[in-house]
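# Working through the structure, step by step
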Amino acid sequence: MKRRHFISNTAKSTGGVIVASSLTTLGLFSGSSSRAGEKRGLGVALVGLGSYATGQLAPALQMTENCYLAGIVTGTPSKADSWSDQYDIPAENVYNYQNFDRIADNDDIDIVYIVLPNSMHAEFVIRAAQAGKHVICEKPMATNYEDCQRMIDACRKAEKKLSIGYRLHFEPYNLEAMRLGQQQIYGKVLESDAGFAFPLRDKSRWRLDKEMAGGGPLMDVGIYAIQSTIYTRGQLPVSLEAMDTTVDKAFYGAVEGTLDVNFEFPAGIKATMRTSYEESSNYLKVQAQEGSWELAPAYSYGGLKGQTYLGPMSFPAVNQQALQMDDFASCILKDKQSIVRGEMGQRDMFIIDKIYESAAIGKPVSLKGIPNILHLV
């Protein structure tokens, strides 16, 4: 199942010093470290062996300290064979979608990472929880708010932790953007603008299938813009107005090609974001009372850059996925809450539902009732 080929999969060192407290795991800078088959910490099974699992998650699991690649779930026998050979995965740790529930009997696997099309997230998170496994679910958490609640309830009932694959909460440039805004280093944030877009013109891609994806770019890269708009401030928006600004409506059909959103935060502070499959963008721009900062690119797997009005930011490149998965494993081992737990995914689904509602009726909508969860630094 193809995912975001446009995002660079090679991080480049920029030098500097990490100051973010979240980067506590050692040895996770860019580069390769072949440790296939080595057991260290908790066992992770990847469910869905598409390009993200292949190009990002599996290599990252060779660099983690608190967890390792223990199993796989795939509907393609040839992938099962090649992955087993490459990563020294025993036959008893290889599953398909029909016998997935037998994973309950496998003590090698502690965490199940759901890397499937959006419409399949709820089913497999719930099945994983019922099998007694902790769960990481790729974003978006689901295709509607109600499914998010079912997923949270299932994990809570099973007494298992649920995390969302929000890798940028562990990435130093985005952590610095959080620090600058939340701690008001340059005064209160006055406005921000975020954009993430890439051209997608392949009708065979499941991301253009409304039933499988739940929507267009908003359900894919737009989530990053929503996230950065919120975590830069450490506040929740109180209302929004969205506009479907798709140019080629005939091509995109049931999903949007482009969306623009205006957010309002407490005290009337404004923020804008744009997401699209019709153009390219990758940025976060923030204006505060005494200065400004921006990240561009802001959301890629590597090669991020940032600057303030005083000059460039400088941080070493890290493996975002390794940091993310190591942090979740640490939360399990220490019985702590993940900073990107299921409730954050549900919060973002609440916002997404409201964006689609506003775009449909052509009016602003209130965000009253939004789940109150923030990553504060």
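Residues numbered from 1 in each chain as written. Predicted model: local features only at pLDDT ≥ 70, side-chain atom pairs only at ≥ 80, totals over all residues. Heavy atoms only, no water.

## What about empty space enclosed by the protein?
Just so we agree on the cut-off: The method works on a 1 Å grid over the protein atoms by themselves. A cavity is a set of points holding a 1.4 Å probe that cannot get out, a pocket is an open set with protein on both sides within 12 Å along at least five of seven lines, and residues with an atom within 4 Å of a point line them. Grid points are joined across faces, edges and corners, and a volume is the space filled by probe spheres set on the points. Helical segments are the DSSP runs of H or I of at least four residues, strand segments are the runs of E of at least two, and each set is numbered from the N terminus. As a working rule, the residues Ala, Val, Leu, Ile, Met, Phe, Trp, Tyr, Cys and Pro are called nonpolar, Asp, Glu, Lys and Arg charged, and the rest polar, with Gly in that last group.
Tallied over the entire structure, the rule returns 2 cavities of 30 Å³ or more. Estimated volume of the second largest cavity: approximately 30 Å³. In terms of lining, the second largest cavity is formed by His 169, Gln 227, Ile 230, Tyr 231, Met 344, Arg 347, Leu 374 and His 375. Taken together, the elements giving at least two residues each to the lining of the second largest cavity come down to helix H7 (222–231) and helix H10 (342–361). Per-element accounting of the lining of the second largest cavity gives the leading share, 3 residues, to H7. Of the residues contributing to the lining of the second largest cavity, the split by class is 4 nonpolar, 3 polar and 1 charged.

## So, the pairing of strand S1 (residues 42–47)
Each regular strand carries side chains that alternate between the two faces of the sheet. Note the cut-off: We call a residue buried when its accessible area falls under 20% of the maximum for its residue type, exposed when it is over 50%, and partly exposed in between, using a 1.4 Å probe and counting protein chains only. Any two strands between which DSSP finds at least two bridges are classified as paired. Look down the strands so they point away from you; if going from the first strand over the helix to the second traces a clockwise path, that crossover is right-handed.
Taken across its 6 residues, S1 has 6 buried, putting it largely inside the fold. Direction of pairing for S1 relative to strand S2 (residues 67–73): parallel, over a ladder of 6 bridges. Within the sheet, the bridge partner assigned to Val 44 lies in S2 and is Leu 69. A crossover connection joins S1 to the parallel S2 through helix H1 (residues 51–60); in handedness this β-α-β unit is right-handed. In the sheet, S1 pairs with strand S4 (residues 111–114) via 4 bridges, with the strands oriented parallel. Considered in S4, the bridge of Leu 46 is made with Tyr 113.

## Considerations on unusual backbone geometry
The omega torsion across Lys 139 and Pro 140 is -10°, close enough to zero to call that bond cis. Relative to the helices and strands, Pro 140 resides in the loop between strand S5 (134–137) and helix H4 (145–158). The peptide bond linking Ala 296 to Pro 297 adopts the cis configuration, its omega dihedral lying at 0°. Assignment of secondary structure puts Pro 297 in the loop between strand S12 (292–295) and strand S13 (306–308). At Asp 88, a position not held by glycine, the phi torsion is positive, near 55°. In this structure, Asp 88 sits in the loop between helix H2 (77–87) and strand S3 (94–95).

## A closer look at the packing of aromatic side chains
We apply this condition: Here is the rule: rings of Phe, Tyr and Trp (six-membered ring for Trp) pair when centre to centre is within 6.5 Å. Planes less than 30 degrees apart are stacked, more than 60 are edge-to-face, and the remainder are tilted.
A complete count under the given rule lists 14 aromatic pairs for this structure. Each ring, one from Tyr 186 and one from Trp 293, has its centre 5.9 Å from the other, and the planes form 50°; the classification is tilted. A residue pair is termed long-range when its members are at least 10 positions apart, and Tyr 186 in the loop between helix H5 (172–182) and strand S7 (189–197) and Trp 293 in strand S12 qualify at 107 residues. Judged by relative accessible area, which is 2%, Trp 293 ranks as buried. On the numbers, 6.5 Å between centres and 55° between planes, the contact of Phe 263 with Phe 265 is tilted. Judged by relative accessible area, Phe 265 falls into the buried class, the value being 1%.

## A few points about the sheet that holds strand S15 (residues 365–366)
Basically, it comes down to this: A contact between two residues is defined here by any heavy atoms of the two lying within 4.5 Å. Each axis is a line fitted through C-alpha atoms, and for a helix only the stretch in contact is used; angles between axes span 0 to 180 degrees, taken between their N-to-C directions.
Taking strand neighbours across the sheet as the criterion, the 9 strands line up as S14-S13-S12-S11-S7-S10-S9-S8-S15 in an open arrangement whose pairing is mixed. Only two strands of the sheet have a single neighbouring strand rather than two, namely strand S14 (311–312) and S15. Contacting strand S8 (239–244), strand S9 (258–264) and S15, H10 crosses the sheet at an angle of about 60° to S8.

## Regarding the environment of Arg 233
The condition is simple: Here a polar contact means two N or O atoms within 3.5 Å. Within protein one must be a hydrogen donor candidate and the other an acceptor candidate, and residues neighboring in sequence count only if both atoms are side-chain atoms.
Relative to the helices and strands, Arg 233 resides in the loop between H7 and S8. Arg 233 gets classed as buried once you look at its relative accessible area, which sits at 8%. Sequence separation between Arg 233 and Gly 181 is 52 residues, and the spatial gap between their C-alpha atoms is 5.2 Å. The contacts of Arg 233, once residues within four sequence positions are left out, are Gln 182, Val 189, Glu 191, Ser 192, Phe 265, Ile 269, Lys 270 and Ala 271. Reaching out from Arg 233, the side chain makes a polar contact with the side chain of Ser 192 at a distance of 2.9 Å.

## Considerations on the side chain of Thr 275
As for its position among the elements, Thr 275 is in strand S10 (residues 270–276). Residue classification places Thr 275 among the buried residues on the basis of a relative accessible area of 0%. Among the polar contacts made by the side chain of Thr 275, one reaches the main-chain amide nitrogen of Gly 222 at a distance of 3.3 Å. Those residues in contact with Thr 275 that sit more than four places away from it in its chain are Phe 196, Pro 217, Leu 218, Val 221, Gly 222, Gly 257, Thr 258 and Leu 259.

## What to know about the packing of H1 against helix H9 (residues 320–334)
Helices that pack against each other are described as a pair by the angle of their axes relative to one another and the distance between those axes. Rules: Note on angle classes: values under 35 degrees are labelled roughly parallel, values over 145 roughly antiparallel, values of 65 to 115 roughly perpendicular, and the remainder oblique. Less than a right angle of anticlockwise turn of the near helix away from the far helix marks a crossing as left-handed, whereas a clockwise turn marks it as right-handed.
Between H1 and H9, the least distance of the axes is 8 Å, while the angle of their chain directions is 60°. On the basis of the axis angle, H1 is oblique to H9. By crossing handedness, the relation of H1 to H9 is classed as right-handed. Touching Tyr 52, Gln 56, Leu 57 and Ala 60 of H1 are Gln 321, Ala 322 and Met 325, all from H9. Along the lines of polarity and charge, the residues of the contact of H1 with H9 split into 5 nonpolar, 2 polar and no charged.

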